[in-house]
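Report on the structure
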Amino acid sequence: MRISVFGIGYVGAVSAACLAADGHDVVAVDTNPQKVKMINDGVAPIVEAGLAELVREGARSGKLRATTSAAEAVMASGCSLVCVGTPSHGNGNLDLTQVERVCESIGAVIARKSDFHVVAIRSTMLPGSMAEVVRPALERSSGKKADTDFGLAIFPEFLREGSAIRDYREAGAVIIGVAEPEAERVLKEINKDVPGQLHVTDPGTAEAIKYANNAWHATKVVFANEIGAFCKAHGIDSHKVMEIVCADRRLNISTAYLRPGFAYGGSCLPKDLRALRYRARARDLHLPMLNALSESNDHSIQHVAEMVMNAGSRKVGLIGLSFKAGTDDLRESPAVGLAERLFGKGYDLKIFDANVNYSKLMGSNLSYIQQHIPHLSERLTDDLGAVAAHGDTIVVTHSDLGGAPFPKLRPEQTVIDLVRLPAATQAGGRYIGLCW
């Protein structure tokens, strides 16, 4: 394919060199004539393992060249990758000036092209940037319609400095955010030799994936560092601890616990996190991320309580009371916390849980519920239909209905779904998902 790459920084230089090595005809574009000359002389403009060899071979074979002319590059290609920087403003927001300027330059050339051109954004941008900045800039400067007269896609990169070429060659996932079939075809063709699993989605989702990835990586670094500080204070080798933690691919390094939904609870996580934080304070350790987990979890419960209050009715049906499906454990259940807050505000609750029978509660389970919802016996029923009939607002906290079908709701009822239960979306009434 014939591809133009705008921006010869880390992402652009690596992308252009790797694409040329894959056999594509690549023209790199930059406003800096020194970078352009270096590419044309077969010299890598940045220090990156393996890049010098790729640039040298690309220039020698004629598969890779560079120019300062956007018109020359767009006219010589069928697809343009935008890889310019998106630095921070002082308030933390992104500065998309370079992206907008490049899109206007590309659009001005697309205005003169008769063949279909695809523009794919590799620059990191917040969700909504494609719709609010990229598309308007291209349409304004080209006088044409995106997804009709030219293709538009977001193609986020996941390249780490120092291992960028290996990350390109061994990608775990390839993300294409697109709303038009020809742009999808072109991006698939560009990535046909990349081994990573291909995910084609909408542009907004693709934008968000990049931020989810980077936030997750930052979280892992901070988590490991805070656990490291905790371990050192106890004379423990933190590297050995984390090595064994990461060896568990079923729960620790896996999809477990990474599905957006309601708060955590139960007899282990809240208690053990409190104990860890207590010991850290006793050792004068400052662990801000671990300290923030409980606050964030409590905020999740309060957020749902406010969703119920905003629904506008004081009659509430709660489906699920234990801390998760398939258990009768009520200890530190977020659903109990939610019921406690609503009951304290005078809401009329009726509760169903397939696994919770008040007469069978005992021990710490009974003590906990007597402390937090002393009148539970009056609120709890084994009749799911009665709960659905009672509540103008129905809150679903987990998916275990005891084998019963999800009840049909009246049109005026509201269901607030905390687990993304498919049957809840088809039950009638007004559906509200927690974070979807």
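Parameters and conventions
- Residues numbered from 1 in each chain as written.
- Predicted model: local features only at pLDDT ≥ 70, side-chain atom pairs only at ≥ 80, totals over all residues.
- Heavy atoms only, no water.
- Helix = DSSP H or I, 4+ residues; strand = E, 2+ residues; numbered from the N terminus.
- Expected span 1.5 Å × (residues − 1).
- Buried < 20%, exposed > 50% of the residue type's maximum accessible area, 1.4 Å probe, protein only.
- Arc of directions from axis to C-beta.
- Contact = heavy atoms within 4.5 Å.
- 1 Å grid on protein atoms, 1.4 Å probe; cavity = no way out; pocket = protein on both sides within 12 Å on 5 of 7 lines; lining within 4 Å.
- Points joined across faces, edges and corners; volume = space filled by probe spheres on them.
- Nonpolar A, V, L, I, M, F, W, Y, C, P; charged D, E, K, R; others polar.
- Salt bridge = Lys/Arg side-chain N within 4 Å of Asp/Glu carboxyl O.
- Pairing = 2+ DSSP bridges.
- Axes fitted to C-alpha atoms, helices over the stretch in contact; angles between N-to-C directions.
- Right-handed = clockwise from strand over helix to strand, strands pointing away.
- UniProt positions renumbered as here; feature names shortened; annotations may be inferred.
- Parallel < 35°, antiparallel > 145°, perpendicular 65-115°, else oblique.

1. Let's talk about helix H11 (residues 269-282)
Taking 1.5 Å per residue, 14 residues should reach 20 Å; H11 reaches 20 Å between its end C-alpha atoms and fits that length. Inspection of H11 places Pro270, Leu273, Leu276, Arg277 and Ala280 among the buried residues, and these make up the whole buried set. Take H11 and look down its axis: the buried residues cluster within an arc of 130 degrees, on one side only. Facing away from the buried surface of H11 by more than 90 degrees, the exposed residues are Tyr278 and Ala282. Against the buried residues of H11 lie helix H9 (203-233) and helix H12 (288-311). Looking one or two residues beyond H11, the residue adopting positive phi is Asp284, at roughly 60 degrees.

2. Some words on empty space enclosed by the protein
Scanning the entire structure with this criterion turns up 1 cavity of 30 Å³ or more. As for the largest cavity, its lining consists of Arg122, Ser123, Thr124, Met125, Ile154, Pro156, Ala206, Glu207 and Lys210. With 3 residues, H9 is the largest single contributor of residues to the lining of the largest cavity. Considered class by class, the residues forming the lining of the largest cavity number 4 nonpolar, 2 polar and 3 charged.

3. A closer look at the layout of surface pockets
A volume near 600 Å³ is recorded for the second largest pocket. Lining the second largest pocket are 27 residues, with Gly7, Cys83, Val84, Gly85 and Gln98 sitting closest to its centre. Elements represented by at least two residues in the lining of the second largest pocket include exactly helix H1 (10-21) and helix H5 (97-110). No other element matches H5, which puts 4 residues into the lining of the second largest pocket.

4. A short note on the pattern of salt bridges
Within the structure shown, the criterion is met by 22 salt bridges. Between Arg160 and Asp167 there is a salt bridge; the shortest N-O distance is 2.9 Å. The salt bridge partner of Lys240 is Glu243, with a shortest N-O separation of 3.9 Å. Here Lys240 and its partner Glu243 are both found in helix H10 (residues 238-247), 3 residues apart, which amounts to about one turn of the helix. Relative accessible area serves as the criterion here: at 45%, Lys240 is assigned to the partly exposed category. In this structure, a network of salt bridges that share partners links the residues Glu100, Glu104 and Arg140.

5. So, the sheet that holds strand S7 (residues 173-178)
Within a beta sheet, neighbouring strands are joined by backbone hydrogen bonds and run either parallel or antiparallel to one another. Taken in spatial order, the 8 strands line up as S3-S2-S1-S4-S5-S6-S7-S8 in an open sheet, and their pairing is mixed. Only two strands of the sheet have a single partner each, and these edge strands are strand S3 (64-67) and strand S8 (197-201). If you compare each strand with its neighbour and ignore which way they point, the axes differ by 25 degrees on average. Judged from the 4 bridges that link them, strand S2 (residues 25-29) and S3 form a sheet pairing that is parallel. For Ala28, the partnering residue across the bridge sits in S3 and is Ala66. This element, helix H6 (residues 129-142), spans strand S5 (118-121) and strand S6 (151-154) of the sheet and lies at about 150 degrees to S6.

6. A few points about the pairing of strand S10 (residues 348-352)
Across 5 bridges, the pairing between strand S9 (residues 315-319) and S10 is parallel. Along S10, the bridge assignment pairs Leu318 with Ile351. The β-α-β motif built from S9, the intervening helix H13 (residues 334-344) and the parallel element S10 has right-handed crossover chirality. Where S10 meets strand S11 (residues 380-381), 2 bridges bridge the pair, whose relative direction is parallel. Paired with Ile351 across the bridge in S11 is Leu380.

7. Side note on helix H3 (residues 51-61)
Each α-helix turn comprises 3.6 residues. Residues three or four places apart therefore point the same way. Every buried residue of H3 is accounted for by Leu51, Leu54, Val55 and Gly58. End-on, the buried residues of H3 take up no more than an arc of 95 degrees, which puts them together on one face. Where the residues of H3 are buried, they touch H1, helix H2 (33-40), S3 and helix H7 (164-169). Remark: Gly62 follows H3 within two positions and exhibits a positive phi of approximately 85 degrees.

8. Re the pairing of S2
Counting buried positions along S2 gives 4 out of 5 residues, so the element sits mostly inside the fold. Read as a crossover between parallel neighbours, the route from strand S1 (residues 2-6) over H1 to S2 is right-handed.

9. A short note on the sheet that holds S9
On the basis of which strands lie adjacent, the open sheet formed by 6 strands has the order S11-S10-S9-S12-S13-S14 and parallel pairing. The strands lining the two open edges of the sheet, one partner per strand, are S11 and strand S14 (430-433).

10. Examining the UniProt feature "domain: UDP-glucose/GDP-mannose dehydrogenase C-terminal" (unreviewed entry) in the protein chain
Per the UniProt record, "domain: UDP-glucose/GDP-mannose dehydrogenase C-terminal" (unreviewed entry) is annotated on residues 317-424. The span residues 317-424 is 32% helical and 17% strand by assignment, and the distance between its end C-alpha atoms comes to 13 Å.

11. A few points about the packing of H9 against H12
Across the interface, H9 lies against H12 with an axial gap of 8 Å and an inter-helix angle of 110 degrees. Considered as vectors, H9 and H12 are oriented roughly perpendicular to each other. For the pair H9 and H12, contact is made by Thr219, Val222, Phe223, Glu226 and Ile227 and by Pro288, Met289 and Leu290, respectively. Of the residues in the contact of H9 with H12, the class split is 6 nonpolar, 1 polar and 1 charged.

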